[in-house]
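Coordinates in review
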Amino acid sequence: MAWQRQRTIGEAGWGRTAFAGVISFAYFFPVLWIILTAFKANNDILAIPPKWLFTPTLDNFVEVFFRAYSKGAEAVDTRFDLFFFNSIFIAGTSVLLALLIGTLAAYGFSRYPLRGNETYLFIILTTRMLPPIVVIIPIFLMFRLAGLSGTYLGIILLYTAFNLPFTVWMMKSFFDELSPEVEDAARMDGSSETRVFFKICLPQVGAGLAATAVFGLILTWNEFLFALLLTGVETRTVPVAMAQTIGGDIGVRWGLLAAIETLFLVPVIVVVFVLQHHLLRGVTFGTIKR
Amino acid sequence: MSAATTTMAAARGRRVRAPFWQPRWSNWRLALLLALVVIPAAVLALPLDVAFWLALGAVALVALTAVVNAWGRHHGGLLVAPAIGLLFVMNIFPLMWSFGLSFFNFRANRAAPPTFTGLGNYERVLSDPVIWDRLQTTALVVVLTVVCQMVVGFLLALLFEKKFPGRRVLLMLVLTPMMLSFVAVGAFFRYYYEPTFGLLSQAVRLFTGEPFILLDTTGGALAGIVFADAWMWSPFVMLLVLAGLVSVPQYLYEAAEIDRASWWRRFRTITFPYIKGLLLLALLFRTIEAFKLFDVVFLITEGGPGTSTETIAVYVNRLAFKYFRTSQSTALVYILLFIVIVLTNLYLYFVQRRAAEAD
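All of the points below concern the structure found in this document. Since we're looking at a predicted model, the values are computed, not measured.

1. Re the overall build of chain B
Counting its secondary structure elements, chain B contains 15 helices and 2 strands. Across the 359 residues of chain B, 45% fall into the buried class. Contacts in chain B between residues at least 24 apart in sequence constitute 63% of all its contacts with a sequence separation of at least 6. Accessible surface computed for chain B: about 18,400 Å², of which carbon and sulfur atoms make up 69%.

2. Section: the overall build of chain A
If you tally the helices and strands in chain A, you get 13 helices and 2 strands. Looking at chain A as a whole, 51% of its 290 residues qualify as buried. In the structure as shown, chain A presents an accessible area of about 13,900 Å², 67% of it carried by carbon and sulfur atoms.

3. Concerning the pattern of salt bridges
All names here are of chain A. Overall, the coordinates contain 6 salt bridges over all chains when judged by the stated rule. Residue K172 is joined to D176 by a salt bridge in which the shortest nitrogen-to-oxygen separation is 3.0 Å. In this pair, K172 and D176 both sit in helix α7 (residues 152–177), 4 residues apart, roughly one turn of the helix. Given a relative accessible area of 18%, K172 falls into the buried group. Of the charged contacts, one joins R187 and E183 as a salt bridge, the two residues approaching to 3.4 Å between their closest N and O atoms. One end of the pair, R187, and the other, E183, are both in helix α8 (residues 180–188), 4 residues apart, so they sit about a helical turn from each other. Given the relative accessible area of 26%, R187 is considered partly exposed.

4. Quick notes on the side chain of A:T37
Residues and elements named next belong to chain A. Among the secondary structure elements, T37 is positioned in helix α1 (residues 14–38). On the accessibility criterion, T37 (2% relative accessible area) is buried. Within the structure, the side chain of T37 is placed 2.6 Å from the backbone oxygen of W33, a separation counted as a polar contact.

5. Here's the deal with the environment of A:I269
One can find A:I269 in helix α13 (residues 254–279). When the C-alpha atoms of A:I269 and A:V214 are compared, they prove to be 9.9 Å apart, with 55 residues separating the residues in sequence. Setting aside residues no more than four positions away along its own chain, A:I269 makes contact with B:M172, B:T176 and B:M179.

6. Some details on the environment of B:R205
Residues and elements named next belong to chain B. With respect to the element layout, R205 can be found in helix α9 (residues 199–208). Exposure remark for R205: the relative accessible area of 28% places this residue in the partly exposed category. In this structure the C-alpha to C-alpha distance between R205 and P195, which are 10 residues apart in sequence, comes to 10.0 Å.

7. Some details on the environment of A:F122
Looking at the element boundaries, A:F122 is found in helix α5 (residues 117–126). Taking the C-alpha atoms as reference, A:F122 lies 33 Å from A:R236; in sequence the two are 114 residues apart. In contact with A:F122, other than residues within four places in its own chain, are A:M129, B:I341, B:T344, B:N345 and B:L348.

8. Regarding the interface of chain A and chain B
Contact residues are listed per partner, giving 99 residues for chain A and 92 residues for chain B. Carbon and sulfur atoms make up 79% of the area that chain A and chain B hide from each other, which totals about 9,100 Å². Counting the contacts that link chain A with chain B gives 0 salt bridges. Ranked by residues supplied to the side of chain A that touches chain B, first place goes to α1(A) with 17 residues.

9. A word on the packing of aromatic side chains
Given two aromatic rings, their pairing is described by the distance between the two centres and the angle made by the two planes. In total, this model carries 28 aromatic pairs over all chains according to the counting rule given. On the numbers, 6.1 Å between centres and 55° between planes, the contact of A:F25 with A:F29 is tilted. With A:F25 and A:F29 both in helix α1, this residue pair falls 4 residues apart, about one helical turn. Residue class for A:F25 comes out partly exposed when judged on its relative accessible area of 44%. Taking the relative accessible area as the measure of exposure, A:F29 reaches 24% and is therefore partly exposed. An angle of 50° between the planes, with centres 5.0 Å apart, marks the rings of A:F39 and A:F61 as tilted. Here A:F39 is found in the loop between α1 and α2 (42–45), whereas its partner A:F61 is found in helix α3 (residues 59–65), with 22 residues between them in sequence. The exposure class assigned to A:F39 is partly exposed, which follows from its relative accessible area of 26%. Through a chain of ring-to-ring contacts, three or more aromatic side chains come together here, namely A:F65, A:F80, A:F83, A:F84, A:W221 and A:F264. We note B:R286 situated over the ring of B:F236; from NZ or CZ to the ring centre the distance is 5.7 Å.

Cut-offs and rules
Residues numbered from 1 in each chain as written. Chains lettered and ligands numbered in written order. Predicted model: local features only at pLDDT ≥ 70, side-chain atom pairs only at ≥ 80, totals over all residues. Heavy atoms only, no water. Helix = DSSP H or I, 4+ residues; strand = E, 2+ residues; numbered from the N terminus. Buried < 20%, exposed > 50% of the residue type's maximum accessible area, 1.4 Å probe, protein only. Contact = heavy atoms within 4.5 Å. Areas by Shrake-Rupley, 256 points an atom, 1.4 Å probe, with all protein chains shown as cover. Salt bridge = Lys/Arg side-chain N within 4 Å of Asp/Glu carboxyl O. Polar contact = N/O pair within 3.5 Å; in protein donor to acceptor, adjacent residues only side chain to side chain. Buried area = accessible area lost by both parts, 1.4 Å probe. Phe/Tyr/Trp six-rings, centres within 6.5 Å; stacked < 30°, edge-to-face > 60°. Lys NZ or Arg CZ within 6 Å of the ring centre and 35° of its normal.

Listed below in structure tokens is the structure:
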């Protein structure tokens, strides 16, 4: 029929939007509830049945940054702006470092296999297998000895080491998928190894880079145990500060917690939104047959 | 060897060995010798902080010469070295330390120095019947949550594969569960499951008129944990599979359409090979993480009711921080590590064998 649009492969219509919309909403619903809770006054939060229509208030958000720690006392600056900066700085730097070191290593593992490649890769994988509880004591002592406890450098190095296994494994699997013909053609034309890497291999694994960056960021962003023990007062990250907010005076302040969490979500959402383009782009080197 | 011979050999493209005593940036043997002489001398003769910096300089020189020597020849080694180096210092070394610690009798809240007990801790752990119970619980939780995540994540990826209006926005919404911090997820899911003012109970009350206590029974508590964990991490699987799905070249699908291949055939021959590696990766990582699962379990049920949903990780935590049996908990964890290594090896062996068969 003439009015039906000829759909190309890879496209779908509004029906799929509706279905995906329902599922996405189901996933998003608890998060939405947290965001709504951030805007509610205390009575509305604990109301039965749950209130959907309420008058929003920004009190909780103000309380994130200025809080009266006991009844009748003056509101004090909680230094949460420093904690947010710390989280952004520490997570951002460690993710970028891990991407750099990890991608190079993955390229090395993929294109220049060493003897015992599988062993190295497996050892890298085992570093992820232990619950952090076990290594916490040696790492804590190590940091104390090296004077890294409470510094930016220490925690950034540690988080980079955390992100490395996943980065290496993920990027290696992407590099393995690339067909070598284009690279070989470039090499025959006299291009140096570095240029082959940057101009040919890297653009093709853009989706892998984006996904790895997203995961690394999320992992480091929400990390709690090591941040608790290895950051000092000046380098504290938001998850630690959040836990200190709960373990306190008046029981769980749901509104305050929700406000902190909502604010904490914003940078991650921004980064994922920016990276989305690369995530969904994929490869269009359609000229090579596998 | 004279300078002329060296140059001639280099022109022929053969590996040129710098004469031992020649100070070149690639002469790592000389640098190593220098370091071996300088470091002990410095430690003995000079005050400690000066000696430290001198030793550091000597080590840096050795590293530099090794790198220059390897440049252009050992590509693989060079590329891989920083990653392995960092991992060694930050992860493997503490691992070995705590592994050594598991052979001693060490309690973190007593000042007594550790005493050597050999395999004592391991014996005590393996003969404890509680452990087998916890392992069962852990296995159950792991299997359930990993299966849920893989299935749901895979279906989600299929859903988001094609372009449709609003795909960007909806993708963002689906990714949000991963972005929440564990503290928030645990606290808020506990709130949802709360019998009096939790959302789940109120929803059920619309139908039955009675408050619904989910966390009362073992089955209910398990369901609560698995649901929260699968909710949080199925976007992870989705993202991985999606990154693979969008890498499939379009022309393959077009060719399949021309040949009028069925959906299943298309999936099996075109799509699946591209995402196989990533599916395995997702399976591997989620299983490893599931064994380590602590935050969600602890915050929602604290291992309850009683101790029926206490996974190994929660038990380890209890041992280490409540009872301060540090060495015992370390021994237990290494047993767990052993199990996970065995399982992972099975995965990898299975996959490599199938890949070899396919080729």
